[in-house]
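Fold and contact review
Below are the chains, spelled out letter by letter.
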Amino acid sequence: MRSPDVQQLGMFSYVSVEDRVPPDHPIRKLRILVDAILGELDELLAARYAAGGRPSIPPERILRASLLQVVYSVRSERLLMEQLNYNLLFRWFVGLNIDDPVWDHSTFSFNRQRLFDELIAQHFFEHTVLLARLRDLVSDEHFSVDGTLLEAWASHKSFRPKDDDEGNGDDFRGHKRSNETHASTTDPDARLIRKGQGKEAKLSYLANSLMENRHGLIIGVDVRHASGTGERDGALDLLTAAGVRRGATLGADKGYDTQDFVAALRAREIVPHIARNTGNGRRSAVPRAVASTRGYGISQKVRKRIEQGFGWIKTIGGLRKLPMVGLAAVRGWVTWTFAAYNLIRLGGIGEWWEPSPT
């Protein structure tokens with residue numbers, strides 16, 4: 001008797017791609033979540049395409065493929081297309097049949113560049129948060145914030161004086177360089193900054209994230225020019241964008257323990273669960289009465305989970321060194337990568353994606 005998943009086509013038997021994906025594979029549940037989000041973005045995606053002209057790659061397939069690139073750590077579009085050529089799991093997730101031709105990597109890159117931007121990434125990310133809220137997985141009272149530097153796709157040799165008309169910026173030894181007088185010719189939006197005392201300065205961007213403390217989901221992402229005050233400025237912007245209400249708590253490391261930042265939190269009636277910085281005779285801006293509470297101790301333990309998000313986007317998501325240039329492009333791709341992190345985190349909470357950041 002013929003198997004029901006096989007169709008007879010002349011002398012050959014044809015097995016659909018879906019039939020080759022194990023029914024208990026976690027990517028099936030991931031696609032259900034992704035398709036639910038893409039369904040909500042139909043109008044936004046349709047507006048990016050003209051009614052006439054040559055047919056383009058369907059936007060849903062571009063975004064599904066881009067999500068696979070992040071989740072499975074595929075480092076380039078060329079390798080992504082190679083995977084789509086022979087990986088039936090990838091084909092099914094994207095929506096390709098077993099005999100559908102795979103696009104040239106340059107065609108895919110061109111179509112994604114035309115479709116994908118910061119707005120698409122932000123809407124997709126917000127829907128991952130909405131999915132979590134609908135499942136009552138997001139805290140409305142307790143949050144943590146942190147920032148990290150992401151190395152730009154630019155070398156030190158590209159960091160030249162802004163008035164260097166003769167192109168003599170290669171030899172920078174012994175010369176003082178700053179972001180006020182110099183800029184990268186490869187990525188003008190990147191800024192030269194060091195992570196801490198004794199660390200080498202690198203051309204970088206600053207990524208900030210806001211985490212809810214119940215399940216460690218990221219509910220806000222901010223990417224900006226790297227600066228000394230960028231983490232604190234970004235944190236306040238994230239609180240505003242997320243609509244964090246008075247009475248909430250915010251956990252953070254010692255870098256946020258400044259008089260101005262704590263005063264800004266208290267003006268919003270947000271309780272500063274910030275690690276007290278009392279080294280070298282320094283006076284902490286966090287009141288002892290706050291630091292002595294049980295909730296403060298819990299926040300200080302939970303806030304460290306935010307580092308898992310940064311670790312995931314750098315290792316699995318491939319953002320240890322950014323693969324694009326320009327603040328708008330970087331902001332879009334970092335937000336997209338955090339959206340992928342949230343989906344995998346949801347899989348970990350639901351115990352259907354393993355391994356998962358926990």
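Computed from a predicted model, the values in this text were never measured in an experiment.

Focus on the packing of helix α9 (residues 230-242) against helix α10 (residues 259-267)
Interaxial distance between α9 and α10 falls to 11 Å at its minimum, and their mutual angle equals 10°. Here α9 is positioned roughly parallel relative to α10, judged by the angle of their axes. Touching R232, A235, L236 and L239 of α9 are F261, A264 and L265, all from α10. Of the residues belonging to the contact of α9 with α10, the class tally is six nonpolar, no polar and one charged.

Notes on the pattern of salt bridges
Per the stated rule, a full pass over the model turns up 14 salt bridges. Residues D35 and R31 are paired through a salt bridge, measuring 3.1 Å at the closest nitrogen-oxygen approach. Pair noted here: D35 and R31 are both in helix α2 (residues 26-40), with a separation of four residues, about one helical turn. Since its relative accessible area comes to 29%, D35 is described here as partly exposed. Assessed through its relative accessible area of 17%, R31 is described here as buried. Among the salt bridges present, the one from R214 reaches D136, with a minimum N-O distance of 3.5 Å. Remark: D136 occurs in the loop between α8 (118-134) and β3 (142-151) and R214 occurs in the loop between β7 (201-212) and β8 (218-225); sequence separation between them is 78 residues. In this structure R214 comes out as partly exposed when scored by relative accessible area, which is 39%.

Looking at the environment of P355
As for its position among the elements, P355 is in the segment after α14 (327-349). Accessibility expressed as a relative area gives 65% for P355, which makes it exposed.

Some words on the confidence of the model for the chain
Per-residue confidence for the chain gives a mean pLDDT of 90; residues scoring 70 or more make up 90%. Contacts of residues 1-12 to residues separated by more than four positions or lying in other chains number 13 contacts, the stretch itself having pLDDT below 50.

Conventions adopted
- Residues numbered from 1 in each chain as written.
- Predicted model: local features only at pLDDT ≥ 70, side-chain atom pairs only at ≥ 80, totals over all residues.
- Heavy atoms only, no water.
- Axes fitted to C-alpha atoms, helices over the stretch in contact; angles between N-to-C directions.
- Helix = DSSP H or I, 4+ residues; strand = E, 2+ residues; numbered from the N terminus.
- Parallel < 35°, antiparallel > 145°, perpendicular 65-115°, else oblique.
- Contact = heavy atoms within 4.5 Å.
- Nonpolar A, V, L, I, M, F, W, Y, C, P; charged D, E, K, R; others polar.
- Salt bridge = Lys/Arg side-chain N within 4 Å of Asp/Glu carboxyl O.
- Buried < 20%, exposed > 50% of the residue type's maximum accessible area, 1.4 Å probe, protein only.
- pLDDT = per-residue confidence, 0-100.

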